[in-house]
Structures are given as structure tokens and as C-alpha cells.
Amino acid sequence: MRFMSTIPGSEPFVLQSGPIAILMIHGFTGSPLSVKPWAHALHENGYTVSVPQLPGHGSTWEEMNTTTWRDWYAEVHRNFLALREKHERVFVAGF
């Protein structure tokens, strides 16, 4: 399930770097924009950082209202597995 962002800068992003990855999760009703400075600081210190956009977030309340925690969890899990395939270690951080 993918949704279109309506908040400028709220798109998901990946900052490639070293063998250790950090999966950063934004908070409820937030978007990747809310953790962008933190993600860039970690990347500058040699970490690969992946920041997905949780379904329904970064858009309208109507879109968010069509999703549940199961959708959000599935997106986090999918991103975690993708990072684990390519990195020595994966840490999870966020709100």
C-alpha cells in the first residue's frame, strides 16, 4: 500500500554509506521530514540510513484514516528485511 505525499519533503529516503544501517521511523502523524536532520547527522558519521514513509502519513487525515498499525508495521518490517540483506548490522531508531 503506497500513498502520495502532500507535505513537501515528506517522501521516504535512503542515505547510503557504510556496512552498518539504521532504520529510522517517524512518529504517529509525522513523516520522514521530522527525522531528516537526525538521519543526515547519522549518515555524516558513516551509517547507511533508511527512512520509510509509513502508509497514510505525510498526506491527509483521510488517507491516514484508511490505514492501521498493521500497515505501518508491515512497511517497517519490509524495510528492515531489505537493509538486513545488504548490511552487517541494522539498528532501529525513531519516535
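Structure report, in brief. (Residues numbered from 1 in each chain as written. Predicted model: local features only at pLDDT ≥ 70, side-chain atom pairs only at ≥ 80, totals over all residues. Heavy atoms only, no water.)

1. Re unusual backbone geometry
Phi is positive for Thr29, close to 70 degrees, though the residue is something other than glycine. Along the chain, Thr29 falls in the loop between strand S2 (20-25) and helix H1 (36-44). (Helix = DSSP H or I, 4+ residues; strand = E, 2+ residues; numbered from the N terminus.)

2. Points about the sheet that holds S2
One open sheet holds the 4 strands; their spatial order is S1-S3-S2-S4, and the pairing between them is mixed. Of all strands in the sheet, those with a lone pairing partner are strand S1 (13-15) and strand S4 (89-94), marking the two edges. Across the sheet, the mean angle from the axis of one strand to that of its neighbour is 20 degrees, orientation sign disregarded. Bridge count between S1 and strand S3 (residues 48-51): 3 bridges; the pairing is antiparallel. If you follow Phe13 over to S3, its bridge partner there is Val51. The strands that H1 touches are S1, S2, S3 and S4; relative to S1, the one it contacts most, it runs at about 20 degrees. (Pairing = 2+ DSSP bridges. Axes fitted to C-alpha atoms, helices over the stretch in contact; angles between N-to-C directions. Contact = heavy atoms within 4.5 Å.)

3. So, the packing of aromatic side chains
One pass over the full model with this rule turns up 2 aromatic pairs. With a centroid separation of 6.0 Å and 50 degrees between ring planes, the pair formed by Trp38 and Phe95 is classed as tilted. One end of the pair, Trp38, is in helix H1; the other, Phe95, is in the segment after S4, and 57 residues separate them in sequence. Positioned over the ring face of Phe13 is Lys36, at 5.3 Å from the centre of the ring. (Phe/Tyr/Trp six-rings, centres within 6.5 Å; stacked < 30°, edge-to-face > 60°. Lys NZ or Arg CZ within 6 Å of the ring centre and 35° of its normal.)

4. Things to note about helix H3 (residues 69-86)
With 18 residues, H3 should cover 26 Å at 1.5 Å per step; its first-to-last C-alpha distance of 26 Å lies within 8% of that length. Those residues of H3 that sit buried are Trp72, Glu75, Val76, Asn79 and Leu83. Burial along H3 is one-sided: seen end-on, the buried residues are contained in an arc of 95 degrees. In H3, the exposed positions that point more than 90 degrees away from the buried face belong to Arg70, Tyr73, Arg84 and Glu85. Buried positions along H3 lie against S2, S3, helix H2 (61-64) and S4. (Expected span 1.5 Å × (residues − 1). Buried < 20%, exposed > 50% of the residue type's maximum accessible area, 1.4 Å probe, protein only. Arc of directions from axis to C-beta.)

5. Quick notes on the pairing of S2
As a general feature of sheets, a regular strand has side chains that alternate between the two faces. Of all 6 residues in S2, 5 are buried, a share of seventy percent or more. Two elements, S2 and S4, share 6 bridges in a ladder whose sense is parallel. Bridge pairing in S4 places Leu23 opposite Val92. In this region the chain leaves S2, passes through H1 and returns to the parallel neighbour S3; the handedness of that crossover is right-handed. (Right-handed = clockwise from strand over helix to strand, strands pointing away.)

6. Details of the side chain of Ser59
With respect to the element layout, Ser59 can be found in the loop between S3 and H2. For Ser59, the side chain forms a polar contact with the side chain of Glu63, separated by 3.1 Å. (Polar contact = N/O pair within 3.5 Å; in protein donor to acceptor, adjacent residues only side chain to side chain.)

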